[in-house]
2 protein chains.
Amino acid sequence: MSQTIGTQSIQFDQAPYILGSASIVGTKEGEGPLGELFDLVGEDDKFGEDTWEEAESTLQKEAASMAIGKAGISNEDIRYIFGGDLLGQNIATTFGLMELNIPLFGLYGACSTAGESLALGAMAVAGGYGDQVLAVTSSHFASAEKQFRFPLEYANQRPLSATWTVTGSGAFVLGKKRSKLRITGITPGKVVDYGIKDSMNMGAAMAPAACNTIRQNMIDFNRKPEDYDKIVTGDLGKVGQEILFDLLKQKGFDISKVHMDCGIEIFDSETQNTNAGGSGCGCSAVTLSAYILPKLETGAWKRVLFVPTGALLSTVSFNEGQSVPGIAHGVVIEHAG
Amino acid sequence: MSQTIGTQSIQFDQAPYILGSASIVGTKEGEGPLGELFDLVGEDDKFGEDTWEEAESTLQKEAASMAIGKAGISNEDIRYIFGGDLLGQNIATTFGLMELNIPLFGLYGACSTAGESLALGAMAVAGGYGDQVLAVTSSHFASAEKQFRFPLEYANQRPLSATWTVTGSGAFVLGKKRSKLRITGITPGKVVDYGIKDSMNMGAAMAPAACNTIRQNMIDFNRKPEDYDKIVTGDLGKVGQEILFDLLKQKGFDISKVHMDCGIEIFDSETQNTNAGGSGCGCSAVTLSAYILPKLETGAWKRVLFVPTGALLSTVSFNEGQSVPGIAHGVVIEHAG
């Protein structure tokens, strides 16, 4: 019952379905181009909590509950959770999901965690390890700035290549029951290091990893870019997108006609002052739930390669002069007729 | 092909085998009671690197390579890696495993990560997602002190309930090929919070999670404590062990005759000044590889419940006044005749 394909991918014999999903975002995301599509836009980015970290936990908890509700099931029907966030020691996830009282696999893949959680969740359902599982990820602008850059109070200037961490959480219930959305395959990513040392230029750090995963996906599944209605990266932003196009062209793949980047879509960089675009685990997760899945559900799109991208650094690794490697996990999602 | 059992566990239809494992530790661990058993004891806790974080990465890289070698295969034969560590954003894992050029699922379960990685690795092999996968975790005393407590140079005093983070990495190749060691089931853990707020008393914070997972394992598999030759927790230490015994007795289970804690075994607290015992992802991982698996391999022990325990906190959550919840993942390992 081997389900592996090519050197790096999995094609599921019994592909799991997406039974429900939810997206909750902050005020700035609500004012962006996708604002109308999200399930819930918070009135206040603290979401009623005392700290930014607790706010992020609340985002996860609410998104998880909403996705479970939309799937028409209750907490006890979820066998396992696959969840993570950007903060050191995954504290947003720990404190956000504790009350659900469901076994938790904590994940860290930087901003690629949405892909990692969907991949592992799909593997679990297709492997017979549960009728329903939950994949959930989040990020919060203020908790991420504090963690990775400067506290907001410091009022530092941001270079044009910098991205803006999305305040948001996306949650997905995967299961065996039929729906119109199916995860048919995955291409888990490798850590790829091009030696980028600028933590304000994450797009450049992540593009080589995205290139690696997208290329391998097409080789493993024997597909061309046109076999996907969209190839969707997480948060490369405008700088990273150009690099990705160049790198893939060198490998013989032109994805420019079908490419979309969640970080570019989620904000209007002209009016919202977000420079290169949005980023964070939440960026790709909420865009998937609010914008991509509905297109697949109606059949407007038939098949999408969803490739969240992560920059693997901490303030310690950065300050010690290490490069910023990237990672990207690919998830093939199809319209189920 | 449901492989679930009870409310929280998995019993594998085709249980994967442990094909090879390796343990590498620092000088203090080498001087402890298990010193003779480890595959490699470093002469210098920096392992030839410039920083503690790079030293920890090197530990992981070497342990991974050694385990792969002992399994009689090469890097290309490993389909996926399941790995993690204690540092913010998993940097020891990222920089340690990058060169292996194998797709990586980054995990965070605090000191329970050894259990999480074995659980997910076993699920992957048993699900048909690869002939061989690698589970690897690490911790390093100096990088962990810097991350969670005080830099070594600060020379702070340590309370008696404090544990000593183990410098070490354990790596495990799981696969389909027969060996004398089999992972027959798992009980993934829930986040359990008893409201402990003392980050210097991790044992008390983690004991309720260990209780929860051990109890559920016995209910799900319909077993008594005596059905295991050993029930092995990760790093509760002496304080946490007593709490665990009390909590499980209240639930009707007396595990005192079969219990062992890796944190208690790895150091001689009388002569090594380690207070409550060892801790860290590496503690349970190296003890499993060096001490527990050989007992199972020879058949001296037939069945072990391995339950690494994690304390879910960061300096941010702690300083914001949050409690320290725990998590514990159970892995059933058996002698295969």
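Structure first, text after, so check above.
Residues numbered from 1 in each chain as written. Chains lettered and ligands numbered in written order. Predicted model: local features only at pLDDT ≥ 70, side-chain atom pairs only at ≥ 80, totals over all residues. Heavy atoms only, no water.

## Quick notes on the pattern of salt bridges
Pairs can form between side chains of opposite charge whenever their charged atoms are close. Tallied over the entire structure, the rule returns 14 salt bridges over all chains. One salt bridge connects Arg 303 of chain A with Glu 334 of chain A, and the closest N-O pair in it is separated by 3.3 Å. On the criterion of sequence distance, the pair formed by Arg 303 of chain A in strand S14 (residues 303–307) and Glu 334 of chain A in strand S17 (residues 330–335) is long-range, its members being 31 residues apart. Accessibility expressed as a relative area gives 21% for Arg 303 of chain A, which makes it partly exposed. Residue Lys 146 of chain B pairs with Glu 53 of chain B through a salt bridge whose shortest N-O separation is 3.1 Å. On the criterion of sequence distance, the pair formed by Lys 146 of chain B in helix H5 (residues 141–148) and Glu 53 of chain B in helix H2 (residues 52–70) is long-range, its members being 93 residues apart. What makes Glu 53 of chain B buried here is its relative accessible area of 6%. Overlapping salt bridges, with partners in common, bring together Glu 53 and Lys 146 of chain A together with Glu 320 of chain B in one network. (Salt bridge = Lys/Arg side-chain N within 4 Å of Asp/Glu carboxyl O. Helix = DSSP H or I, 4+ residues; strand = E, 2+ residues; numbered from the N terminus. Buried < 20%, exposed > 50% of the residue type's maximum accessible area, 1.4 Å probe, protein only.)

## Here we look at the interface of chain A and chain B
Taken together, the contact between chain A and chain B spans 65 residues of the former and 65 residues of the latter. On the surface where chain A and chain B come into contact, there are 2 salt bridges. A salt bridge links Lys 146 of chain B to Glu 320 of chain A, with the shortest nitrogen-to-oxygen separation between them at 2.9 Å. In this structure, the connection of chain A to chain B is made through 34 residue pairs in polar contact (both at pLDDT 80 or more). A total of 7 residues in the side of chain A that touches chain B trace back to one element, the largest contributor, which is helix H4 (residues 113–126) of chain A. Among the residues forming the side of chain A that touches chain B, the class breakdown is 32 nonpolar, 25 polar and 8 charged. (Contact = heavy atoms within 4.5 Å. Polar contact = N/O pair within 3.5 Å; in protein donor to acceptor, adjacent residues only side chain to side chain. Nonpolar A, V, L, I, M, F, W, Y, C, P; charged D, E, K, R; others polar.)

## Some remarks on unusual backbone geometry
A positive phi angle is found at Asn 222 of chain A, which is not glycine, with a value near 55°. Locating Asn 222 of chain A in the fold gives a position in the loop between helix H6 (202–220) and strand S11 (230–233). Here the phi dihedral of Asn 101 of chain B falls at roughly 60°; this positive angle occurs in a residue that is not glycine. Inspection of the secondary structure puts Asn 101 of chain B in the loop between helix H3 (91–97) and strand S6 (104–107).

## A look at the packing of aromatic side chains
Under the definition given, this model contains 10 aromatic pairs over all chains. Centre to centre, the rings of Phe 82 of chain A and Phe 105 of chain A are 5.1 Å apart; their planes meet at 15°, and the pair counts as stacked. Of the two residues, Phe 82 of chain A is situated in strand S5 (residues 80–84) and Phe 105 of chain A in strand S6 (residues 104–107); the sequence distance between them amounts to 23 residues. Here Phe 82 of chain A matches Phe 105 of chain A in class, with each residue buried. Their ring planes at 65° and their centres at 5.8 Å tell us that Tyr 80 of chain B and Phe 105 of chain B sit as a pair that is edge-to-face. Placement of the pair is Tyr 80 of chain B in strand S5 (residues 80–84) and Phe 105 of chain B in strand S6, with a sequence separation of 25 residues. This pair shows no difference in class: Tyr 80 of chain B is buried, exactly as Phe 105 of chain B is. Seen from the ring of Trp 52 of chain A, Lys 46 of chain A lies directly overhead, with NZ or CZ sitting 4.8 Å from the centre. (Phe/Tyr/Trp six-rings, centres within 6.5 Å; stacked < 30°, edge-to-face > 60°. Lys NZ or Arg CZ within 6 Å of the ring centre and 35° of its normal.)

From the geometry alone we can't say anything about function, so treat these as descriptive.
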